[in-house]
Every structure is written in C-alpha cells, then in structure tokens.
Amino acid sequence: MPDATTRSAVSTSSQGSLVALLPYWQVTFASFLGWFLDAFDQTTLMFTLPDIAHDFGCTIADLGAVLMGQSIGRAVGNTGWGWLADHYGRKPAFMLGVVWFAVFSAMTGLSHHFYVLMAVQFLFGIGFGGEWTASAALLMESVPAWTRPMASALMMSGYEVGYFAAAGVQALILPHYGWRVLFFIGLAPAALALFIRIGVPESPVWLRTHEDRLARKRHHTAPPPRPKFRLTGAALQAIAFMSFLEFQKAAIYTYYPTILRGSHHLTQQAVFWPVTLYCLGSFGGKVLCGWLAERFGEVRVMLSALVVVMLTIWPFLSAPTWTMLLTAAFVMGAAASGIFALVPHYLAQRFPSDTRSFGMGLGYALGSIGQGMAQKLVPMFGPTILTLPLSAELFVLGTSLVTGAIALIRPKELPGEHM
C-alpha cells in the first residue's frame, strides 16, 4: 500500500469509511458484484436439490457428493487462481474466474446424468473459488488500510444479495419452468468481465511488486528469485480458521431450503420469506460487523457473532412457530454472515504481498474442503441416526466452539498487517 494511506486514515476518519471508499467504488463494486453472481449461481443449486434428486432418481445424501465435488473444485480454483493472480495480476485472474464460473453454471442446466452433474459442478467450483481469490486480493490491496474491514464487509455482503436474488427467481421460475432454466440464467455474469476490463484498475501493490521484479531483472544477469510461499504460524492459523468456519457455515445454510421444504413443509414460494429475512439480516450484519471491527477489533466481533450463532441455531432450523422461524432467520443471517464480512481482511493480514493471493486462496481452498465435508456429513447422519435439522445443529455447535478457540490465538507476526 502507498505510505499515504496512514495519513489518509487520520484526515478521513471523521467522514467514515463508507465515504472514504467512494474513490475506490469501481473495485469495491466489482468485488461485490463478483461475489453476488457467485452466490446466485451456487445457491441456485441449494434451492433445487429436491427437484434434481427427483429427476435423477437419487437422494439428498447422494447429492452431497455433488456438493463435495464443487468444494474440491473451489479448492483447486482458490489455489490455482491465487498462483495466477500473484504471477500475472489480480485483474486478469478476476476476469477469467468470472467467465469460467458463468459458463459452467449454464452447463449445469444441460446435465442429464448424476456423474455429469458432479463433473460440471467440480469445474464450476474452480471458477467460483478462483473469482473470490483474485477479487479479494485486488480489493484489499487497492483501498486504504483503515477502510479494509468495511471494504471486506461490502464485498462479502454480495453473497447474501445473490442468495436473496436466487430465492426470488426460484420462487417465480422453479414451479413453472423447472430447475434447468435457473442455471441458464447463470450465464449472464460473464458481462461483469467487461466492466472489470474497462473500469477496474490493477492492484497498486501487485504493480509495485511486479515493477520491482522487472527492475531487478534488468539490472542483474541472474533472474530475480521467485516468491516463495512460507507456512508460518499466521498462515496455519488462517487455514485452520477457514476450515472450521466454512464447515460451520455450510452446516447452517446448505440444507436450509431443503429443511424448510421437508421438515417445515413449506412451498417453494413460502421458502422465499425466511430466506429473504436471512439475507436481509446477513447484509445488515456484514456492514455492522465491518463497522464494529474498525472500532473494537475483528476478534471481539467474531467471537460475539459466534455466541449469537450458537444461541440461534435451534430456532433457526427447528422453531415450532412461523414467527420464531422468521425471527431466527434474520438473527442467524446477521451473526453467521457477519463473521464472513471480515474474512478477506483477516486472511490478507496473514500473508506477505508477493504471495498474498496464493495464501488467501490456500486458506479459502482448505476451507472449501471443510465446507464439502459438512455438505456430505450433515445429510449422512440426518436420515440414519438423527433428523436433518438436529444433525446440522450439532455440527454447528461443535465447529463454532473450535472456530472461536482458533480466532483467540495471536500469531507472533502478521506479515500483511502493513502492506
């Protein structure tokens, strides 16, 4: 980051971080929109699980393998795109990720066999993970240091807006036109690549690092040393934190539409209302957590949100009344998603500039494996030993405790604290 960001924090603190981010609206909006479109395509699969299971003659537990394949693809995309973004720039990697996941989202609608669906979702996951890795690094390296928690929150709030949009679209289209049409809509995000190409500048941190490499190459006969990723204590913490946090979040919301339709016997249109309140709570919770983290620190905010998640998980999935179900949806969205508002900033601090995108991608990649395990284990225990809601509730309680314990650890060094 330019040295001027420290002075900028003093001069703009009275304006607030939202105002301070206005000069960086292109990269902030593009990162938000990328995550919005990612979410729309991914959560479309969650809304249509019962319909796909019916058409393919399989169970929800069987489709857990499809979700697991998507998560493995995300892990490949997170690390692969991290390497691409470190070597060739955050911006081109961002554009490629957007086009990639849009194409394979549309191809999901063309799948007519279980294993074809699994392969397509694996490939979709590669672009899904790659888009996030490149855009998160680009955003964190482009905005002033003191605004990063809020920029992180704004970017991550795109997921809930995409989730909300998918809920509305499925309520209108799914009962009349079937699940395949929903995935064809997923091709539209490819247009975002044009906006990124025209309106979004490259990361100033990456440009400086790239120029330093070129200068060293011009003035020395030996090639400059390649950036080497180091598995420091901060890096290990990032990986462990994301693994358990992603597991927890997947246990919370992956089978939420399925539980609403199965355990609570809601229609596709009725599912829209608790999901809407979840998304509204998520959007507000992410912005609130970003604001609170600037003032009280991200660890305190994360721990507080984890406590709320643990207190809310039973009414969220098993509330006996409609009013309690809707209230819990809003509170759970604010708490569970509020933690994710701070993830880009949390990860960016734990890796140096020359390997930041790869490191952030690796953390999210192994987190994706945690997500995939939850998507497979929750329905596995649901129909056999427990009910599906109870299985999810127990997994959420356990992983929330572990996530909080990891967040309490303070590494000896945060290589990305000052970029």
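Residues numbered from 1 in each chain as written. Predicted model: local features only at pLDDT ≥ 70, side-chain atom pairs only at ≥ 80, totals over all residues. Heavy atoms only, no water.

Participant: How should the pattern of salt bridges be read in this particular structure?
Facilitator: Any two side chains of opposite charge can pair, given that their charged atoms come close. Tallied over the full model, the rule gives six salt bridges. For D51, the salt bridge identified is with R261, shortest N-O distance 3.2 Å. In this pair, D51 is assigned in helix α4 (residues 49–56) and R261 in helix α13 (residues 256–262), connecting sequence segments 210 residues apart. With a shortest N-O distance of 3.0 Å, E141 and R356 are connected by a salt bridge. Of this pair, E141 sits in the loop between α7 (114–140) and α8 (148–177) while R356 sits in helix α18 (residues 356–381), placing them 215 residues apart in sequence. Looking at E141, the relative accessible area reads 0%, which means it is buried. What makes R356 buried here is its relative accessible area of 0%. (Salt bridge = Lys/Arg side-chain N within 4 Å of Asp/Glu carboxyl O. Helix = DSSP H or I, 4+ residues; strand = E, 2+ residues; numbered from the N terminus. Buried < 20%, exposed > 50% of the residue type's maximum accessible area, 1.4 Å probe, protein only.)

Participant: Please explain the packing of aromatic side chains as it appears in this structure.
Facilitator: The geometry of an aromatic ring pair is captured by two quantities: the separation of the ring centres and the angle between the planes. With the rule as written, the count across this model stands at 25 aromatic pairs. Between F101 and F124, the aromatic rings sit 6.3 Å apart at their centres with planes inclined by 90°, giving edge-to-face as the arrangement. Placement of the pair is F101 in helix α6 (residues 90–108) and F124 in helix α7, with a sequence separation of 23 residues. Its relative accessible area of 0% is what places F101 among the buried residues. Centroid distance Y278 to F316: 5.8 Å. Interplanar angle 35°. Geometry classified as tilted. Here Y278, found in helix α14 (residues 268–296), pairs with F316, found in helix α15 (residues 298–318); they are 38 residues apart in sequence, far enough to count as distant. Considered together, Y278 and F316 belong to a single accessibility category, that of buried residues. The ring centre of Y253 lies 5.2 Å from the NZ or CZ of K249, which sits over that ring. (Phe/Tyr/Trp six-rings, centres within 6.5 Å; stacked < 30°, edge-to-face > 60°. Lys NZ or Arg CZ within 6 Å of the ring centre and 35° of its normal.)

Participant: I keep staring at the packing of helix α5 (residues 60–88) against α7 and nothing clicks. Help me out?
Facilitator: Packed helix pairs are characterised by how far apart their axes lie and by the angle those axes make with each other. Look at α5 against α7: their axes get within 6 Å of each other, and the N-to-C directions meet at 35°. As for the relative orientation of α5 and α7, their crossing is right-handed in sense. Looking at the contact of α5 with α7, its residues break down into 16 nonpolar, eleven polar and two charged. (Axes fitted to C-alpha atoms, helices over the stretch in contact; angles between N-to-C directions. Left-handed = near helix turned anticlockwise from the far one by under 90°. Nonpolar A, V, L, I, M, F, W, Y, C, P; charged D, E, K, R; others polar.)

Participant: Looking at this structure, how should I read the confidence of the model for the chain?
Facilitator: Should the pLDDT be low somewhere, the predicted coordinates at that spot are not to be read in detail. Residues of the chain with pLDDT of at least 70 account for 93%, and the chain-wide mean is 85. When the elements of the chain are averaged for pLDDT, helix α1 (residues 4–12) gives the smallest value, 41, and α15 the largest, 95. The model gives residues 1–14 a pLDDT under 50, and that stretch makes 16 contacts with residues more than four places away or in other chains. (pLDDT = per-residue confidence, 0-100. Contact = heavy atoms within 4.5 Å.)

Participant: Is there a simple way to explain α5 in this structure?
Facilitator: Every α-helical turn comprises 3.6 residues, leaving residues that sit three or four positions apart pointing alike. Here α5 contains 29 residues, and its C-alpha end-to-end distance of 40 Å stays within 8% of the 42 Å for a straight helix at 1.5 Å per residue. Phi turns positive one or two residues past the end of α5, at G89, with a value near 115°. (Expected span 1.5 Å × (residues − 1).)

Participant: So what exactly am I meant to see when it comes to a nonpolar patch on the surface here?
Facilitator: Together, V99, V103, M107, L110, Y177, V181, F184, I185 and L187 make up a nonpolar patch on the protein surface, roughly 770 Å² of accessible area in all. Contributions of two or more residues to the nonpolar patch are made by α6 and α9 (179–184). Per-element tally for the nonpolar patch: the top contributor is α6, with three residues. Its location among the elements puts F184 in helix α9. Look at F184 and you get partly exposed, because its relative accessible area is 38%. (Patch = residues over 30% accessible without salt bridge, like charges linked within 9 Å, V, L, I, M, F, W, Y side chains within 5 Å. Areas by Shrake-Rupley, 256 points an atom, 1.4 Å probe, with all protein chains shown as cover.)

Participant: Can you walk me through the side chain of T48 in this structure?
Facilitator: Secondary-structure assignment places T48 in the loop between α3 (25–47) and α4. On the accessibility criterion, T48 (0% relative accessible area) is buried. In this structure the side chain of T48 is engaged in a polar contact, spanning 2.9 Å, whose partner is the backbone oxygen of T44. Side-chain polar atoms of T48 contact the backbone oxygen of L45, separated by 3.2 Å. (Polar contact = N/O pair within 3.5 Å; in protein donor to acceptor, adjacent residues only side chain to side chain.)

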